[in-house]
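Residue-level structure breakdown
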Amino acid sequence: MIVALLSVDLYLPGARSLKDKRQVLLSLKDRLRGKFNLSVAEVDGQDLWQKAVLGMACVANEGSHVHQVLDQALNLIRSVPSVEVVQTHVELL
């Protein structure tokens, strides 16, 4: 069993309030859960308007599948125009 954790630091330049940020992140988290069946949560920066850190977890029986899913999830995040990816970190357990 392979467990992969992906941490993504995000910058939301268009967010003018925590409500704006929540709206963008809720939509993004729902898309990631629905399309890739990932566990997704905002794990840091909850009190900041334009910064967020999303944590994602994926479990599979092959490392290549885990990497493929996380790469596709990261591509989806990068395709969202209101979000900029600042930094990513992948950890395999």
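Our subject is the structure listed above.
Every residue gets a number counted from 1 within its own chain, in the order that chain's sequence is written. Note on the predicted model: pLDDT of at least 70 is required for a residue's local features to be given, and 80 or more for side-chain atom pairs to be given and counted; whole-chain, interface and lining totals, by contrast, use all residues. To get the side-chain values, all heavy atoms of the structure are used, and hydrogens and water are removed first.

Time to look at the overall build of the protein. Scanning the protein from N- to C-terminus turns up two helices and four strands. Computed over its C-alpha atoms, the radius of gyration of the protein comes to 13 Å, within 12% of the 12 Å expected for a compact globule of 93 residues. Summary of the burial criterion: residues with accessible area below 20% of their type's maximum are buried, those above 50% are exposed, and those between are partly exposed, where the area comes from a 1.4 Å probe applied to protein chains only. Of all 93 residues assigned to the protein, the portion counted as buried reaches 33%. The criterion used for residue contact is that any of the two residues' heavy atoms lie within 4.5 Å. For the protein, the proportion of contacts with a sequence separation of at least 24, taken over those separated by at least 6, is 72%. Surface accessibility follows the Shrake-Rupley procedure with a 1.4 Å probe radius. Residue values consider only the protein chains on display as shielding. For the protein, the exposed surface amounts to about 5600 Å²; the carbon and sulfur share of it is 51%. We treat Lys and Arg as the positive residues and Asp and Glu as the negative residues; His and chain ends play no part in the count. To locate a charge, take atom NZ for lysine, CZ for arginine, CG for aspartate or CD for glutamate. Computed over 10 positive and 10 negative side-chain charges, the separation of the two mean positions in the protein equals 8 Å. Secondary structure elements follow DSSP: runs of H or I of four or more residues count as helices, runs of E of two or more count as strands, with numbering from the N terminus. Two things to know: the radius of gyration comes from C-alpha atoms, and the globule rule equals 2.2 Å times the number of residues to the power 0.38.

Turning next to the environment of Ala60. As for its position among the elements, Ala60 is in strand β3 (residues 51–60). Measuring from C-alpha to C-alpha, the distance between Ala60 and Leu25 comes to 25 Å, with 35 residues separating the pair along the chain. Ala60 has contacts with Met1, Ile2, His65 and Val66, leaving out every residue within four places of it along the chain.

All right, on to unusual backbone geometry then. Trans peptide bonds make up most of the peptide bonds, and negative phi angles are found at most residues other than glycine. Residues other than glycine seldom take positive phi values, yet Asn37 does so here, at roughly 55 degrees. By the secondary structure assignment, Asn37 is in the loop between α1 (18–36) and β2 (39–44). Asn37 sits in the exposed class, given a relative accessible area of 68%.

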